[in-house]
Amino acid sequence: MANVFDVAVVGATGAVGQVMLEILEERDFPVRNMYPLASPRSAGKTVQFKGRTITIEDLTEFDFSQVQIGLFSAGGDISKDYAPKAAEAGCVVVDNTSYFRQAEGVPLVIPEVNGHRIADYTNRGIIANPNCSTIQMLVALKPLHDFATIERINVATYQAVSGSGNAAVSELADQSARLLNGQPIEEPTVYPKQIAFNVLPHIDDFMDNGYTKEEMKMVWETGKILENENVLVNPTTARVPVFYGHSEALHIETSTKVTAAKARELFDAAAGTSVMDTREPGGYATAAIEGATTDDVFVSRIREDLTADNGLDFWVVSDNVRKGAALNTIQIAERLAADYLS
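My aim in this report is to walk through the structure given alongside it, one point at a time.

### A short note on the overall build of the protein chain
Item 1. Within the protein chain one finds 9 helices and 14 strands.
Item 2. Its C-alpha atoms give the protein chain a radius of gyration of 20 Å, near enough to 20 Å, the size a compact globule of 342 residues would have.
Item 3. Principal axes of the C-alpha set define a box for the protein chain whose edges measure 60 × 55 × 40 Å.
Item 4. A total of 342 residues make up the protein chain; the buried ones form 52% of that total.

Below you can see the structure in the form of structure tokens.
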């Protein structure tokens, strides 16, 4: 990436926006001028970037013609209003919200899976970032799908509270502290029930078919990303009392048999995955230890299904805020900058 770029981060004060700024610095993204943007109430605050103190600007007054790349993570309503305006001004938007994921002409991209679709940014000037649970699932499934087409996916997710934002992290911390000290918890405000020491089989709104919107996102997004609407996805998503790092139990069926040994070989060779599977106590990846604050998608508990001839079962862990949001967005921006905007 010989060129340098002017970059806007929309939602710079949020959990994902803060990590975006950190990763842009860590990976030495070729930033010429950084423009952190937020709501009027946050304008005037400051952030640190590459040793400089930068004042956060008011999104509502920002001129996007000043930047070539805009990284959006401030909620779907904000993206709905401002992403098209940014694109019209000549800024390529990488949007981390759900608003444009199923939109016609907008590529939905995981660089390790369908990075070639970044080229479609020219349709509308917007690239969508998938849901965090979909990202880690498909990073793991891509090498298997390339080797022996996946026909069916049964997935149960165990998702960290950080997926609901900073308020949810605070709610879990407060409830845990109170319960450990023998005190009653306050009425939950982020979740419908107590999350500390509990599991909630409910993420996002309920749909008419009985599934939640989070579950249906995994169905809708998988078909679009794999460019194969025939892949069957049967999801259950649950919220667990973990701060950072989503876990998934995956049970898949392929067109031809893939042995556990072959699957391990494919995972080892794939971009973005790390195998941790020694078949002994502790020989597997967990959300809080391996997943949190790391870039890779970890695959563990690889074994052949006892009930399906062409079935495989395994456990997948990844940092939902990092790879599931901020890092994937920046990996898209890196490919965009290197291959299309240079």
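There's plenty left to go through after this.
### Here we look at the sheet that holds strand β6 (residues 69-72)
Item 1. Ordered by their spatial adjacency, 6 strands build an open sheet running β5-β2-β1-β6-β7-β8, and the pairing between neighbours is parallel. Edge positions in the sheet fall to β5 (57-58) and β8 (126-128), since each has one partner strand and no second.
Item 2. Here strand β2 (residues 31-38) pairs with β5 via 2 bridges, running parallel. Paired with Leu 37 across the two strands is Glu 57, which belongs to β5.
Item 3. Sheet contacts for helix α1 (residues 15-26): β1 (5-10), β2 and β6; angle to β1, the most-contacted strand, approximately 155°.

### Observations regarding the environment of Thr 212
Item 1. With respect to the helices and strands, the residue Thr 212 is situated in the loop between α5 (166-180) and α6 (213-226).
Item 2. In this structure Thr 212 comes out as buried when scored by relative accessible area, which is 1%.
Item 3. Along the sequence, Thr 212 and Pro 107 sit 105 residues apart, while their C-alpha atoms lie 24 Å from each other.
Item 4. With sequence-adjacent residues up to four places away left out, Thr 212 is seen in contact with His 202, Ile 203, Asp 204, Asp 205, Phe 206, Met 207 and Thr 237.

The rules we used
Residues numbered from 1 in each chain as written. Predicted model: local features only at pLDDT ≥ 70, side-chain atom pairs only at ≥ 80, totals over all residues. Heavy atoms only, no water. Helix = DSSP H or I, 4+ residues; strand = E, 2+ residues; numbered from the N terminus. Rg over C-alpha atoms; globule rule 2.2 N^0.38 Å. Buried < 20%, exposed > 50% of the residue type's maximum accessible area, 1.4 Å probe, protein only. Pairing = 2+ DSSP bridges. Contact = heavy atoms within 4.5 Å. Axes fitted to C-alpha atoms, helices over the stretch in contact; angles between N-to-C directions.

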